[in-house]
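Residues per chain, in single letters:
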Amino acid sequence: MKTIVLVLALAASPAAAQQSPAAQQLKVEDMCVKVAKHLLMTDTLHTGVVQSFPELKPPGARLTYSTREGVEKKDMVDTIECQFDQAKAPFGLKRFCLASSCYSAGEKNEENKRRFEEVRTLLEREGL
């Protein structure tokens with residue numbers, strides 16, 4: 001019985017989640033929404049215009065969004081742009097820009113570098 005519990009605990013680990021069918025079905029635009037939600041600390045994010053570029057090097061997406069209810073897509077002016085190591089799970093967050101501020105592992109601005117590491121850590125905890 002203990003062996004079964006141990007096996008189930010290992011199957012629920014973040015590494016196992018990376019290979020789950022749900023993670024495999026996510027697209028770069030879905031990941032960019034997750035990045036925005038983590039950075040903005042919100043569960044609700046309404047998207048407007050979405051542009052996805054999974055075929056580019058690096059793959060990425062750009063979208064307009066709002067955290068407020070009732071905003072029409074044409075009125076959404078806040079933007080986020082995301083770049084990843086690859087276009088499928090595990091994506092590997094490479095860089096993201098919110099408005100005119102960019103965040104990556106190589107940022108010179110320590111606060112922006114810290115925000116990048118925080119978002120990347122949250123995605124990794126989800127197995128993405």
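Relevant structure appears above.
The structure reproduced in this document is the subject of the present report.

Rules of the game
All chains use their own residue numbering, which begins from 1 and follows the written sequence. The predicted nature of this model means local features are confined to residues of pLDDT at least 70 and side-chain atom pairs, given and counted, to a pLDDT of 80 or more, with totals for whole chains, interfaces and linings taken over all residues. Only heavy atoms go into the side-chain values, all of them from the structure, while hydrogens and water stay out. Strands here are runs of E lasting at least two residues and helices are runs of H or I lasting at least four, both read from the DSSP assignment and numbered beginning at the N terminus. The criterion for strand pairing is that DSSP finds at least two bridges linking the strands in question. In this description, a line fitted to the C-alpha atoms serves as the axis of each element, helices being fitted only across the stretch in contact, and the angle between N-to-C directions of two axes falls anywhere from 0 to 180 degrees. Whether two residues touch is decided by their heavy atoms; if any such pair falls within 4.5 Å, the residues are in contact.

Side note on the environment of methionine 31
Note that methionine 31 resides in helix 4 (residues 28–40). Taking the C-alpha atoms as reference points, methionine 31 and cysteine 82, 51 residues apart in sequence, are found 8.3 Å from one another.

What to know about the sheet that holds strand 5 (residues 101–104)
Strand order in this open sheet of 5 strands is 1-2-3-4-5, and the pairing throughout is antiparallel. Bordering the open sheet on either side are strand 1 (46–53) and strand 5, each of which pairs with just one other strand. Across the sheet, the axes of successive neighbouring strands diverge by a mean angle of 15°, strand direction being ignored. In this structure, strand 4 (residues 93–98) lies alongside strand 5, joined through 4 bridges in antiparallel fashion. Paired with phenylalanine 96 across the strands is tyrosine 103, a residue of strand 5. Seen against the sheet, helix 4 touches strand 1, strand 2 (60–66), strand 3 (78–84), strand 4 and strand 5 and runs at an angle of roughly 120° to strand 3. Along the sheet face, helix 5 (residues 110–125) touches strand 4 and strand 5 and points at about 120° away from the line of strand 4.

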